[in-house]
Amino acid sequence: MNEILEQALLYDFYGELLTSHQKEIYEQFVLEDLSLSEIAQDAGISRQGVHDLVKRCQKILEGDEEKLHLVRRFLSIKENVHEIEALLDQYEKTKQNPEEMIAQIRKISGLIIEEL
């Protein structure tokens, strides 16, 4: 997965667990794509201080994911839903084997329920 996308997903799921100062700096770096120097100047801290804070936030967010696996579950469920959509698209084109399609969708929905 793209590193920026991964950081954004981790922030979406676990960002509220950071302090307001950590959130502000991390958002500027990851979501607003500001440089360390730009953030440092705006926040009135050193570039190294911003770098250390961003790295600390990344470790916190990654640690939360290691414990809770919310991003992994989200991505798995998203993939399963795409599979269901593909099956439905295929059925709309061919109008064949509705029983097989139903069985496959039930199997995938079971995987989604297990993931939750």
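This one's a predicted model, so the numbers in the text were calculated from it and none came from an experiment.

**Structural notes on the pattern of salt bridges**
Link 1 in the chain: Considering all chains together, one arrives at 2 salt bridges under this definition.
Link 2 in the chain: Where E16 meets K23, a salt bridge forms, and the shortest distance between an N and an O atom there is 3.2 Å.
Link 3 in the chain: Overall, E16 belongs to the exposed group, its relative accessible area being 67%.
Link 4 in the chain: Here K23 falls in the buried class, since its relative accessible area comes to 18%.

**Notes on helix α1 (residues 3–14)**
Link 1 in the chain: Compared with the 16 Å implied by 1.5 Å per residue over 12 residues, the 16 Å span of α1 between its first and last C-alpha is a close match.
Link 2 in the chain: Where α1 is concerned, the buried positions are Q7, A8, L9, L10, Y11 and Y14.
Link 3 in the chain: Contact partners of the buried residues in α1: α2 (20–31), α4 (47–68) and α5 (70–94).
Link 4 in the chain: In this structure N2 caps α1, since a side-chain oxygen of it lies 2.7 Å from the backbone nitrogen of I4.

**Digging into the confidence of the model for the chain**
The predicted coordinates should not be examined in detail at positions where pLDDT is low.
Link 1 in the chain: Per-chain confidence: the chain averages 93 in pLDDT, with 99% of residues scoring 70 or above.
Link 2 in the chain: Ranking the helices and strands of the chain by mean pLDDT puts α4 first, with 97, and helix α6 (residues 98–115) last, with 89.

Basis of the calculations
- Positions within a chain are numbered from 1, following the residues in the order the chain's sequence is written.
- Per-residue local features of the predicted model are confined to residues with pLDDT of at least 70, and side-chain atom pairs are confined, for both listing and counting, to 80 or more; whole-chain, interface and lining totals are unaffected and use all residues.
- Water and hydrogen atoms were dropped before computing side-chain values, which therefore reflect all heavy atoms in the structure.
- Think of a salt bridge as a Lys or Arg side-chain nitrogen and an Asp or Glu carboxyl oxygen that are within 4 Å of each other.
- For every residue, the accessible area (1.4 Å probe, protein chains only) is compared with the maximum for its type, and the residue is labelled buried under 20%, exposed over 50%, or partly exposed between those bounds.
- Only runs of H or I of at least four residues qualify as helices and only runs of E of at least two qualify as strands under DSSP, and these elements are numbered from the N terminus.
- Residue count minus one, scaled by 1.5 Å, sets the expected span of a helix.
- In what follows, residue pairs with any heavy atoms lying within 4.5 Å of each other are defined as contacts.
- Pairing of N or O atoms within 3.5 Å defines a polar contact, subject to two protein rules: one partner must be a possible hydrogen donor and the other a possible acceptor, and residues neighboring in sequence count only if both atoms are side-chain atoms.
- The pLDDT score gives, residue by residue, the confidence of the prediction method on a 0 to 100 scale.

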